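# Tertiary structure, described
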Amino acid sequence: MALNIKPLSDRVLIEPVAAETQTASGIFIPDTAKEKPQKGTVVAVGNGNKDHDMTVKVGDSVLYGKYAGTELKLEGKDYLIMREDDILAVI
């Protein structure tokens with residue numbers, strides 16, 4: 001199902017990857033000890049502005065800062081909306 005949302009200017013809508021629930025050695029991580037994910041998939045991209053063309057596109061996997069963006073919930077899923085400048089890398 002496609003989202004009916006279009007970020008403005010140089011903003012990007014990202015769906016974060018789910019946090020790990022188990023370590024590589026098999027230990028389960030409780031909810032209180034989980035870290036915020038810093039990786040996600042671009043869901044929607046704004047048009048940019050006169051000084052800045054957008055470099056990411058829908059479907060890109062990206063890394064972003066731990067406290068970057070604004071959290072929002074749409075259609076039962078968690079998303080982040082942030083400026084493209086808050087994205088650290090495309091992977």
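Residues numbered from 1 in each chain as written. Predicted model: local features only at pLDDT ≥ 70, side-chain atom pairs only at ≥ 80, totals over all residues. Heavy atoms only, no water.

The name an unreviewed UniProt entry gives the protein chain is Co-chaperonin GroES, with Flavobacterium noncentrifugens as the organism. The heading Sequence similarities (unreviewed entry) in the UniProt record of the protein chain holds the text "Belongs to the GroES chaperonin family." Within the UniProt record for the protein chain, the comment given under Subunit (unreviewed entry) is "Heptamer of 7 subunits arranged in a ring. Interacts with the chaperonin GroEL." (UniProt positions renumbered as here; feature names shortened; annotations may be inferred.)

We now examine the sheet that holds strand β1 (residues 11-16). With respect to topology, six strands assemble into an open sheet ordered β4-β5-β1-β2-β3-β6, the strand pairing being antiparallel. Each edge of the sheet is formed by a strand with only one pairing partner; in this case those strands are β4 (70-74) and β6 (87-90). With strand direction ignored, the average angle separating the axes of adjacent strands in the sheet is 45 degrees. Of the strand pairs in this sheet, β1 and strand β5 (residues 77-83) are connected by four bridges, and their pairing is antiparallel. Residue pairing across strands places Val-12 opposite Met-82, the latter belonging to β5. (Pairing = 2+ DSSP bridges. Helix = DSSP H or I, 4+ residues; strand = E, 2+ residues; numbered from the N terminus. Axes fitted to C-alpha atoms, helices over the stretch in contact; angles between N-to-C directions.)

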